[in-house]
Amino acid sequence: MAMRKVLVYGSRGALGRNVVGAFEGAKWDVLGVDLKDEKITPVGQTWAEQSKSVLDQVSTELGGEKIDAIINVAGGWAGGNIADAGIIESSDLMWKQSVHSSVIAGQVAVSHMNKNGLIVLPGAAAAAEGGTSFMMGYGMAKAAVHHLIKSFAQEDSGLPEGVTTVGFLPVTIDTPMNREFMPDNKNMTPCDEFSSM
């Protein structure tokens, strides 16, 4: 029996490395996508250029084979309300990290996923619970990902037959960066909790 294949988008971040390790431990063939130090690296200045770059590289790496799952853990966090001087830049960054990667992950699924596959996208509890006044760009991007999750789950989404789409909605993930910037937060969710699902 052939090894099952998974594409992990954001494979070099703290959560991504943990997810990759869990799949490798379960004997899956892992294909990573990240901005650096990975076989597949989005290239280009625009969303369209990065999409074409990822699709071309995935196609080359797979050589006609299909994948069974796509796990998108790309993302980050930026604070700021509408009065902050950097609101445009932080919103743009959040959109690129969460929304661009999620749409590209969906495009990869259209071309390269087996029937009855799985797509996991990165949402956030805060964006599901209401307004995000102190982190507007983050909340806006995550709300868009929540919309994609619902849209991908619809029958006429364009995804292969039987594909299941889910999101994970963390509050705060226990990563070295989060620990550095929030040393007093004792309620972080360990990365293992996500990768063990």
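The structure under discussion appears in the preceding block.
Report on the accompanying structure. (Residues numbered from 1 in each chain as written. Predicted model: local features only at pLDDT ≥ 70, side-chain atom pairs only at ≥ 80, totals over all residues. Heavy atoms only, no water.)

Here the focus is the packing of aromatic side chains. Taken as a whole and judged by the stated rule, the model has one aromatic pair. Both rings, one in Phe23 and one in Trp28, keep their centres 5.0 Å apart while their planes meet at 75 degrees; by these two values the pair is edge-to-face. The same class applies to Phe23 as to Trp28, namely buried. (Phe/Tyr/Trp six-rings, centres within 6.5 Å; stacked < 30°, edge-to-face > 60°. Buried < 20%, exposed > 50% of the residue type's maximum accessible area, 1.4 Å probe, protein only.)

Judged by nonpolar contacts, the single largest core of 32 residues is most densely connected at Leu7, Val54, Val58, Ile70, Val108 and Ile119. Elements with a contribution of two residues or more to this core: strand E1 (5-9), strand E2 (29-33), helix H2 (47-62), strand E3 (67-72), helix H3 (87-112), strand E4 (113-122) and helix H5 (136-152). Of all the elements, H5 adds the most residues to this core, at seven residues. Within the second largest apolar cluster, 12 residues are counted, among which are Val20, Trp28, Val73 and Val120. (Core = buried A, V, L, I, M, F, W, Y, C linked by side-chain atoms within 4.5 Å. Helix = DSSP H or I, 4+ residues; strand = E, 2+ residues; numbered from the N terminus.)

Here the focus is H2. The end-to-end C-alpha separation of H2 is 22 Å, in line with the 22 Å expected for 16 residues at 1.5 Å each. Burial in H2 covers these residues: Gln50, Ser51, Ser53, Val54, Val58 and Leu62. In an axial view of H2, the angular spread of the buried residues amounts to 165 degrees, which keeps them on one side of the axis. H2 presents Ala48, Lys52 and Thr60 as exposed residues on the side facing more than 90 degrees away from its buried surface. If you follow the buried residues of H2, they end up packed against E1, E2, E3 and H3. (Expected span 1.5 Å × (residues − 1). Arc of directions from axis to C-beta. Contact = heavy atoms within 4.5 Å.)

Through backbone hydrogen bonds, the strands of a sheet pair up, either in parallel or in antiparallel fashion. Judged by pairing direction, the sheet is parallel, and its five strands sit side by side in the order E2-E1-E3-E4-E5 without closing on themselves. Looking at which strands have only one partner, the edges of the open sheet turn out to be E2 and strand E5 (164-168). With strand direction ignored, the average angle separating the axes of adjacent strands in the sheet is 15 degrees. Relative to E2, E1 is paired through five bridges, and the arrangement is parallel. Looking at the pairing, Val6 lines up with Val30 of E2. Across the sheet, helix H1 (residues 14-25) touches E1, E2, E3 and E5, and the angle it forms with E1 is around 170 degrees. (Pairing = 2+ DSSP bridges. Axes fitted to C-alpha atoms, helices over the stretch in contact; angles between N-to-C directions.)

Burial analysis of E1 places five of its five residues in the buried class, which makes it a mostly covered element. The side-chain alternation of E1 yields two buried faces, one formed by Lys5, Leu7 and Tyr9 and the other by Val6 and Val8. Running through H1, the crossover from E1 to the neighbouring parallel element E2 is right-handed. Note that E1 and E3 share four bridges and pair parallel. Bridging from a neighbouring strand, Val8 pairs with Ile71 of E3. (Right-handed = clockwise from strand over helix to strand, strands pointing away.)

Right, let's get into the packing of H2 against H3. Two elements in contact, H2 and H3, have axes whose closest approach is 10 Å; the angle formed by their N-to-C orientations is 40 degrees. Considered as vectors, H2 and H3 are oriented oblique to each other. For the pair H2 and H3, the sense of crossing is right-handed. Residues Trp47, Gln50, Ser51, Val54, Leu55, Val58, Ser59 and Leu62 of H2 pack against Trp95, Val99, His100, Val103, Ile104, Gln107, Val108 and His112 of H3. Per-class residue counts for the contact of H2 with H3 are 10 nonpolar, six polar and no charged. (Parallel < 35°, antiparallel > 145°, perpendicular 65-115°, else oblique. Left-handed = near helix turned anticlockwise from the far one by under 90°. Nonpolar A, V, L, I, M, F, W, Y, C, P; charged D, E, K, R; others polar.)

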